[in-house]
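# Structural description and commentary
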Amino acid sequence: WSAQGLTPEKRSQKILEVVKKMKTELKLNGDLLILARYNHNLPKGPELTQISDIWGENFKFMTVHRAKGQEADYVLLVDLISGVYGFPAVQSDDPILNLVLASSGPEDLLMHGERRLFYVAMTRAKQEVHIITDVPNPSIFVDEVLSYGT
């Protein structure tokens, strides 16, 4: 998470807050799939117990890469932020990677892969997708989703 935005502690609190709102305020029932771009952004340890206490046992968590072929009634996508560990991931300038991808343009190819991953994340839900972002530092995908209907 970005140094300016959500710290790991705030991220954990936000995940729990959103899961609680989904369950108590929105009265959602069914399977919950919590997805993140990276393992380190997934809930861990005590968070999992707290999520289980709120939602029940019918939730799973995994990276978007592992979610291919999975589905659930509700999906919570937890790291839609910009930056190196965001979604889409900002790639560092790697001269060897640039050489390999030069014919198509490295930015286009890398972003195409990130868009496919975002598609996988969004299409795992049978009913609804809920997104956690960092308002001062949102993913470009958040902007695109919000402008889709306008």
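Our structure's up above, just so we're on the same page.
Let me sum up the structure you'll find in this document. In this text the structure is predicted, and so the values were computed from the model without any measurement.

### Looking at the pattern of salt bridges
- With the rule as written, the count across this model stands at four salt bridges.
- In this structure, Lys 14 engages Glu 17 in a salt bridge whose closest nitrogen and oxygen atoms are separated by 3.1 Å. In this pair, Lys 14 and Glu 17 are both assigned in helix α1 (residues 8-25), three residues apart and thus about one turn of the helix distant.
- Residue Lys 14 is classed as partly exposed on the basis of its relative accessible area of 28%.

### Focus on α1
- Taking 1.5 Å as the rise per residue, α1 with 18 residues should run 26 Å; its terminal C-alpha atoms sit 25 Å apart, in good agreement.
- Taken together, the buried positions of α1 are occupied by Arg 11, Ser 12, Ile 15, Leu 16, Val 18, Val 19 and Met 22. Along the long axis of α1, the arc covered by the buried residues comes to 160 degrees, so they all point the same way. Projecting away from the buried face of α1 at angles above 90 degrees are the exposed residues Glu 9, Gln 13 and Glu 25.
- Contact partners of the buried residues in α1: β1 (32-36), α2 (46-55), β3 (72-77) and β4 (125-131).

Thresholds, definitions, all that
Residues numbered from 1 in each chain as written. Predicted model: local features only at pLDDT ≥ 70, side-chain atom pairs only at ≥ 80, totals over all residues. Heavy atoms only, no water. Salt bridge = Lys/Arg side-chain N within 4 Å of Asp/Glu carboxyl O. Helix = DSSP H or I, 4+ residues; strand = E, 2+ residues; numbered from the N terminus. Buried < 20%, exposed > 50% of the residue type's maximum accessible area, 1.4 Å probe, protein only. Expected span 1.5 Å × (residues − 1). Arc of directions from axis to C-beta. Contact = heavy atoms within 4.5 Å.

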